[in-house]
Amino acid sequence: MRRRKIFWQLYLPFLMLAFISLLVSIYYVANFWRRIYLDQLADDLGRLVQLAAAELGADFPTQSEVLMERIKAWGKAAGVRFTVIGPDGRVLADSAEDPARMENHADRPEFRQALSLGVGQARRQSPTLKENLLYYAVAFGSQGEPAGVVRVALPIADIDLILKEIYLRIGVVGLGMALLVALAGLVAVRRFNQPLRRIIAGAQNFALGNLQEKLPRTGIEELDRLTVALNNMAQQLQER
């Protein structure tokens, strides 16, 4: 049977346990910050589209050119895509595309939710832009009658990019912690291993008949007990 040094028997299990604990901690921390970011993003989009719906409900431009200019200005200022959809699903204005070239949005899930519940959300691929988007829509109107739905959309790729940056920062911090834990474990095991080597060397001297030189204390209770026992044994042998 192959014998392993006590250094590896102590250090490797400690290292494995520390790394597993760190990986689990990093996983939970990353998911925690992901939930916080997505919740905050949803809140920000919700407030943005609520403001847009309130403004359109109070002052809805009758001319499509005026509506388009307003929507494009909002999209440029906020960095998101704005779309105004009529009650029948016809696109009235869009900050990224020509409404005349866009198909009817009556079947869009966020549009249907907004008309029925006042607010709608969806995460899907845009047939117009051919990319995955996060949608948030709010109905607007006057005297309880919906005049349309205003919707904001944010590319999922932009969200994933920010989340990757968050994961990267958490990973760097986790790696630094792992290195510190590994170094601390190495120091702790070496602190235990070095006096043990001195005790082994002293016991070998006793076996060779060198009984005068006593073993020094190590400062570790368990090893000091062994040191006292070996010193007592050497003294008894010398007296005999």
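Residues numbered from 1 in each chain as written. Predicted model: local features only at pLDDT ≥ 70, side-chain atom pairs only at ≥ 80, totals over all residues. Heavy atoms only, no water.

Novice: Would you mind showing me how to read the packing of helix 4 (residues 156–207) against helix 5 (residues 221–239) here?
Specialist: Axes are the key here: two packed helices are described by the angle between their axes and the distance separating the axes. Direction vectors running N to C along helix 4 and helix 5 enclose 10°, while the axes themselves pass 11 Å from each other. Between helix 4 and helix 5, the angle is such that the two are roughly parallel. From helix 4, Phe192, Pro195, Leu196, Ile199, Ala203 and Phe206 reach across to helix 5, where they touch Leu223, Leu226, Thr227, Leu230, Asn231, Met233 and Ala234. In terms of residue class, the contact of helix 4 with helix 5 is built from 11 nonpolar, 2 polar and no charged. (Axes fitted to C-alpha atoms, helices over the stretch in contact; angles between N-to-C directions. Helix = DSSP H or I, 4+ residues; strand = E, 2+ residues; numbered from the N terminus. Parallel < 35°, antiparallel > 145°, perpendicular 65-115°, else oblique. Contact = heavy atoms within 4.5 Å. Nonpolar A, V, L, I, M, F, W, Y, C, P; charged D, E, K, R; others polar.)

Novice: It is not clear to me how helix 5 should be interpreted in this structure. Could you clarify?
Specialist: Residues three or four positions apart in an α-helix share a direction because the helix packs 3.6 residues into each turn. Taking 1.5 Å per residue, 19 residues should reach 27 Å; helix 5 reaches 27 Å between its end C-alpha atoms and fits that length. Where helix 5 is concerned, the buried positions are Leu223, Asp224, Thr227, Leu230, Asn231 and Ala234. Projected down its long axis, helix 5 shows its buried positions confined to an angular sector of 125°, all on one face. Exposed residues pointing more than 90 degrees away from the buried face of helix 5 are listed as Glu221, Glu222, Arg225 and Glu239. Where helix 5 is buried, its residues meet helix 4. (Expected span 1.5 Å × (residues − 1). Buried < 20%, exposed > 50% of the residue type's maximum accessible area, 1.4 Å probe, protein only. Arc of directions from axis to C-beta.)

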